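So you can see what is in the structure, the chains are spelled out below.
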Amino acid sequence: MTDTTDPTAPPICRACGTQYAVARPDCPVCLDERQYPAPGGQRWTTRAELRAEGHSGRFEEQGPGVLGVGVTPHFAIGQRALLLRTAAGNVLWDCVPYLDDAMVRAVEELGGIDHIAISHPHFYSSMVDWAHAFDAPVHLHEADREWVGRPDPALRFWSGRTLRLTDEVTLINPGVHFPGSAVLHWSAGDGALFTGDVVNVCPDNRWVSFMYSYPNHIPERPRAVRAAADLLAGHRFERIYGAWWNRVVTSRGNEVLARSVDRYLRFEEATTAVARV
């Protein structure tokens, strides 16, 4: 079924927040084992309908030079994006399904957006709308191209393990959660790592963890976690910003990552040993 009022508006999945170019009967992102189909069946909406329902933007500081951008009331997965105010311009990290004129004005007052970069397909959401509103390119890893629901010239695909956006900002492909997953390293000051839930900041923010599927409780492969940890260890970061409001490691980020990986692998090895008995 569809509940969009404008048949020409790009439909947005109510379960995961992914926007598609045209109406379709299903949402491939939800049908993948890293997400799940909506219990009541596939339902759609549009930005205009969300506005009519009372949704609006939410802005809150999340750290030095880092502004959280979200949607209220809660919609779909409920992630928040982050606006990084860097020396070379503003970078929007990750994205949210909703955008309205008030949100555009608020971001423009802060200098607009020069680059958009997204961690993985669950947060592609309405990235094309955001790109058009701010005339900004969207940087996605080539390995996840198949998950793009609304192709557009604003999308720029990169490959390999790293992409340097500016002197301070580098995208890194750790290869966990999705093959094309990305995290962002900002080298300014003490350094910061922006991870979405590719590297998930736990409610106890002294720890991070890794999952192949969060809603279906499928752990990430140990070899992938080891490889990601080795790759990220080459970058210095004091803070780690996760996908949800106030999920931030505020100090000793490299240390937190290293001991979290050790804990993850220790429990995995224990579980494997029990299974072999």
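Everything below is about the structure shown above.
Summary of the structure given here.

## Examining the packing of aromatic side chains
Moving on, step 1. Per the stated rule, a full pass over the model turns up 7 aromatic pairs.
Moving on, step 2. Relative to Trp 44, the ring of Tyr 20 has its centre 5.6 Å away and its plane inclined at 85°; by these criteria the two rings are edge-to-face. Residue Tyr 20 is located in the loop between β1 (12-13) and α1 (28-31), and its partner Trp 44 is located in strand β2 (residues 44-45); the two are separated by 24 residues in the primary sequence.
Moving on, step 3. Ring centres of Phe 123 and Trp 244 lie 6.1 Å apart, and the angle between their planes is 85°; this geometry places the pair in the edge-to-face category. Remark: Trp 244 occurs in the loop between β18 (239-242) and β19 (248-249) and Phe 123 occurs in the loop between β7 (115-117) and α4 (127-134); sequence separation between them is 121 residues.
Moving on, step 4. Phe 123 gets classed as buried once you look at its relative accessible area, which sits at 1%.
Moving on, step 5. Taken together through their ring pairs, the aromatic side chains of Trp 186, Phe 194 and Tyr 241 make up a single cluster.

## A look at the sheet that holds strand β6 (residues 89-93)
The pairing of strands in a sheet comes from backbone hydrogen bonds and takes either a parallel or an antiparallel form.
Moving on, step 1. Strand order in the open sheet made by the 7 strands is β3-β4-β5-β6-β7-β8-β9, with mixed pairing throughout. In the strand order of this sheet, the two ends are held by β3 (56-63) and β9 (155-158), each with one partner. Sheet twist, expressed as the mean angle between neighbouring strand axes with direction ignored, is 25°.
Moving on, step 2. With 2 bridges connecting them, β7 and strand β8 (residues 138-141) associate as parallel partners. Bridging from a neighbouring strand, Ala 117 pairs with His 139 of β8.

## Let's talk about the sheet that holds β18
Moving on, step 1. Spatial ordering of the open sheet is given by β10-β11-β12-β13-β18-β19, a layout of 6 strands whose pairing is mixed. Only two strands of the sheet have a single neighbouring strand rather than two, namely β10 (162-164) and β19.
Moving on, step 2. Across 2 bridges, the pairing between β18 and β19 is antiparallel. Bridge pairing in β19 links Ile 240 to Val 249.

## Brief notes about the pattern of salt bridges
Moving on, step 1. Applying the stated criterion to the full structure yields 13 salt bridges.
Moving on, step 2. Arg 14 is paired through a salt bridge with Glu 53; the nearest N and O atoms lie 2.5 Å apart. Within this pair, whereas Arg 14 is found in the loop between β1 and α1, its partner Glu 53 is found in the loop between α2 (47-52) and β3, the two being separated by 39 residues in sequence.
Moving on, step 3. One salt bridge connects Arg 150 with Asp 129, and the closest N-O pair in it is separated by 2.7 Å. Remark: Asp 129 occurs in helix α4 and Arg 150 occurs in the loop between β8 and β9; sequence separation between them is 21 residues. The two residues Arg 150 and Asp 129 agree in class, both being buried.
Moving on, step 4. Residues participating in the shared-partner salt-bridge network are Arg 14, Glu 49 and Glu 53.

## Re the nonpolar core
Moving on, step 1. Ile 113, Ile 116, Ile 118, Met 127 and Trp 130 are the most contacted members of the largest nonpolar core, which totals 43 residues.
Moving on, step 2. Where this core is concerned, the elements lending two or more residues are β1, α1, β4 (66-72), β5 (81-86), α3 (101-109), α4 and β8.
Moving on, step 3. Among the elements that make up this core, the one with the highest residue count is α4 (5 residues).
Moving on, step 4. Among all residues touching Met 127, those that are not within four sequence positions of it are Cys 95, Ile 118, Val 138, Leu 140, Val 148 and Leu 155.
Moving on, step 5. Ranked by size, the runner-up nonpolar core spans 22 residues in total, among them Val 198, Val 225, Phe 237 and Ile 240.

Reading guide: rules and limits
Residues numbered from 1 in each chain as written. Predicted model: local features only at pLDDT ≥ 70, side-chain atom pairs only at ≥ 80, totals over all residues. Heavy atoms only, no water. Phe/Tyr/Trp six-rings, centres within 6.5 Å; stacked < 30°, edge-to-face > 60°. Helix = DSSP H or I, 4+ residues; strand = E, 2+ residues; numbered from the N terminus. Buried < 20%, exposed > 50% of the residue type's maximum accessible area, 1.4 Å probe, protein only. Pairing = 2+ DSSP bridges. Axes fitted to C-alpha atoms, helices over the stretch in contact; angles between N-to-C directions. Salt bridge = Lys/Arg side-chain N within 4 Å of Asp/Glu carboxyl O. Core = buried A, V, L, I, M, F, W, Y, C linked by side-chain atoms within 4.5 Å. Contact = heavy atoms within 4.5 Å.

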